[in-house]
Amino acid sequence: MENSETELIEKIVSLKKRRNAVIRAHTYQQAEIQDIADFVGDSLELSQKAAKTDADVIVFCGVHFMAETASILCPDKEVLLPDLHAGCPMANMITAKHLREKKREHPKATVVCYVNSSAAVKAESDICCTSANAVRLIEQLPSGGEILFVPDQYLGNYVATKTGREMLLWPGFCPTHLRIQPRDISRQKAEHPQAKVVVHPECRPEVIALADEVLSTGGMIRFVHETEAEEVIVGTEIGILHRLRKENPEKRFIPASEQAVCPRMKLITLENVLWSLEEMVHQVRVPERIRLRAKAAVDKMLS
Ligand code: 13P
Ligand code: SF4
């Protein structure tokens, strides 16, 4: 017989205590996963939290690079990813070997990698960034120098436009955010003329051009708390709507597109979170040689 949801949750809570574990979830996770998590956040907040925990085990409800980042920062913890297939397709659009080849073509370039990348790619990079701090970070780089930005061409293009810096862009992209089309935004704006439009910088430039605000998922959460607008059109993965609605019951949130679903994020379920705690799987560890170099890039971002 299948476990009922309440039974599953009770088992997770009790096992979590026994293992001295914490559950960390990204804002794109399914509602029931966000609800059992000790902390829900964007990539930057999740990295900052990982650096601070005193738990022995971190069950990471997100995609592989996020669990890897936690392991880079806390090598003494057991970091568990409940489904090993939960990988970010954009992160898989660049390998360390390809990046090394590109660096040979541009030996003087500062390599900035989006956190949506493997530990091996981070290890080949000078500095890491997330969508929450990419603009600030690029602004701080010495002017005039060559910048190679990997792997998201859309975030890279947005940052280049905002900062006026010329950047070489790796041709990676997020298939989920590309599903949001300019016509989706125009249609929702016509139906909800009072609404503010917030979009993620992984969206295409034609979508960004129609937005009031371009924000990381954490930035969207904060913006919605602060804005006086009663309706908000949300241009990112639709998992964020659960948290927005829960924390702002008086406001109305309209997904820019119902098609903006990240299938890999949805692989995490209550069943595999419980299984992960029972069997202590799948352990995500980064070889020390790579970890130390990747950590240097992540530490620069966090500092
Ligand atoms: P955030 O850093 O805004 O949470 O975004 C992560 C991500 O994977 C966006 O697709
Ligand atoms: Fe990767 Fe896009 Fe999914 Fe974020 S939403 S994890 S960038 S595929």
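These lines cover the structure that appears in this document, whether it is placed above or below. What you see is a predicted model, and the numbers here were worked out from it, not measured in a lab.

### Regarding the overall build of the chain
Point 1. Helix and strand counts for the chain come out as 15 helices and twelve strands.
Point 2. Relative to the globule expectation of 19 Å for 303 residues, the C-alpha radius of gyration of the chain, 19 Å, shows essentially globular dimensions.
Point 3. Once the C-alpha set of the chain is aligned to its principal axes, its extents read approximately 60 × 55 × 30 Å.
Point 4. The burial tally for the chain puts 58% of its 303 residues in the buried class.
Point 5. A separation of at least 24 residues holds for 62% of the contacts in the chain among residues at least 6 apart in sequence.
Point 6. Of the roughly 13700 Å² that the chain leaves accessible, carbon and sulfur atoms contribute 48%.
Point 7. For the chain, the separation between the mean place of its 39 positive charges and that of its 42 negative charges on side chains is 5 Å.

### Let's talk about the site of ligand 1
Point 1. Around ligand 1, the neighbouring residues are His26, Tyr28, Asp42, Ser43, Asn116, Ser131, His177, His200, Glu202, Ser216 and Thr217.
Point 2. The separation between an oxygen atom of ligand 1 and a polar side-chain atom of serine 43 is 2.9 Å.
Point 3. Considered on its own, ligand 1 offers 300 Å² of accessible surface; in the complex 96% of this is hidden by protein.

### Some points on helix H4 (residues 64-73)
Point 1. With nine of ten residues buried, H4 lies mostly within the body of the structure.
Point 2. Every buried residue belonging to H4 is among Phe65, Met66, Ala67, Glu68, Thr69, Ala70, Ser71, Ile72 and Leu73, and all of these are buried.
Point 3. Where H4 is buried, its residues meet strand S1 (21-26), helix H3 (43-50), strand S3 (57-61), strand S4 (78-80), helix H6 (119-123) and helix H15 (288-302).

### A short note on the nonpolar core
Nonpolar side chains in soluble globular proteins tend to be buried together.
Point 1. In this structure, Val199 and Val273 are the most contacted members of the largest nonpolar core, which totals 89 residues.
Point 2. Apart from the residues within four sequence positions on either side, valine 273 is in contact with Ile12, Ile23, Ile33, Ile36, Val59, Cys61, Pro82 and Ile268.
Point 3. One finds Met220, Ile221, Val232 and Phe253 within the second-largest nonpolar core, a separate group that totals twelve residues.

Criteria and thresholds
Note that residues are indexed from 1 along each chain, following the sequence as it is written. The order in which chains are written sets their letters, starting at A; the order in which ligands are written sets their numbers, starting at 1. With the structure being a predicted model, the display of local features is reserved for residues of pLDDT at least 70 and the display and counting of side-chain atom pairs for 80 or more, all residues being used for whole-chain, interface and lining totals. Water and hydrogen atoms play no part in the side-chain values, which are based on all heavy atoms of the structure. Only DSSP runs of H or I with at least four residues qualify as helices, and only runs of E with at least two residues qualify as strands; both kinds are numbered from the N terminus onward. For the radius of gyration, the atoms used are the C-alpha atoms, and the globule rule reads 2.2 Å times the number of residues raised to 0.38. Residue burial is assigned from relative accessible area. The probe radius is 1.4 Å, only protein chains are included, and a residue is buried under 20% of its type maximum, exposed over 50%, and partly exposed in between. By definition in these notes, contact holds between two residues if any of their heavy atoms fall within 4.5 Å. Residue-level accessible areas treat just the shown protein chains as cover; the underlying method is Shrake-Rupley with a 1.4 Å probe. Counting rule for charge: Lys and Arg are taken as positive, Asp and Glu as negative, and neither His nor the chain ends is counted. Charge coordinates come from a single atom per side chain, which is NZ of Lys, CZ of Arg, CG of Asp or CD of Glu. Definition of nearness: a residue and a molecule or strand are near each other if at least one heavy atom of the residue lies within 4 Å of the molecule or strand. Nitrogen and oxygen atoms within 3.5 Å of one another constitute a polar contact, given that in protein one can donate a hydrogen and the other can accept it, and given that sequence-neighbouring residues count only through two side-chain atoms. Residues grouped as a nonpolar core are buried Ala, Val, Leu, Ile, Met, Phe, Trp, Tyr and Cys residues, joined through side-chain atoms within 4.5 Å.

Nothing here speaks to function; it is all geometry.
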